[in-house]
Amino acid sequence: MQNIRSIFFMLAGATFFVAMLLLTFSVTLAVGGILTVLMVGRALSMKMKPAPVRAKANNGKPEMRIWNDGRGTIIDL
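All figures in this text were calculated on a predicted structure; none of them were measured in a lab.

Trainee: I keep staring at the pattern of salt bridges and nothing clicks. Help me out?
Mentor: Side chains that differ in charge, positive against negative, can pair when their charged atoms come close. Applying the stated criterion to the full structure yields 1 salt bridge. Put simply, Asp69 and Arg71 hold a salt bridge, and the shortest N to O gap is 3.5 Å. For Asp69, a relative accessible area of 36% gives the class partly exposed. Residue class for Arg71 comes out exposed when judged on its relative accessible area of 78%.

Trainee: Please clarify how the UniProt feature "transmembrane region" (unreviewed entry) in the chain should be interpreted in this entry.
Mentor: Following the UniProt record, one finds the feature "transmembrane region" (unreviewed entry) at residues 6-39. Here residues 6-39 runs as 100% helix and 0% strand, with 49 Å between its end C-alpha atoms.

What counts and how
- Residues numbered from 1 in each chain as written.
- Predicted model: local features only at pLDDT ≥ 70, side-chain atom pairs only at ≥ 80, totals over all residues.
- Heavy atoms only, no water.
- Salt bridge = Lys/Arg side-chain N within 4 Å of Asp/Glu carboxyl O.
- Buried < 20%, exposed > 50% of the residue type's maximum accessible area, 1.4 Å probe, protein only.
- UniProt positions renumbered as here; feature names shortened; annotations may be inferred.
- Helix = DSSP H or I, 4+ residues; strand = E, 2+ residues; numbered from the N terminus.

Structure below.
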């Protein structure tokens, strides 16, 4: 009788282990698929609407900076 019970518990444990293995694998595939779709969507939307490029005219002169450090005004040419 104890042999039958131990075989039953062994089969129940193996069944539970396989079920958890399949659940983990399917959730991993689902999350991977969702992330793949989001990444492809983002890549395609970036190609459709490129980010604007900000540029300043330099005209060959460095920018003049003026600030106050509390002791006086500093003009950096």
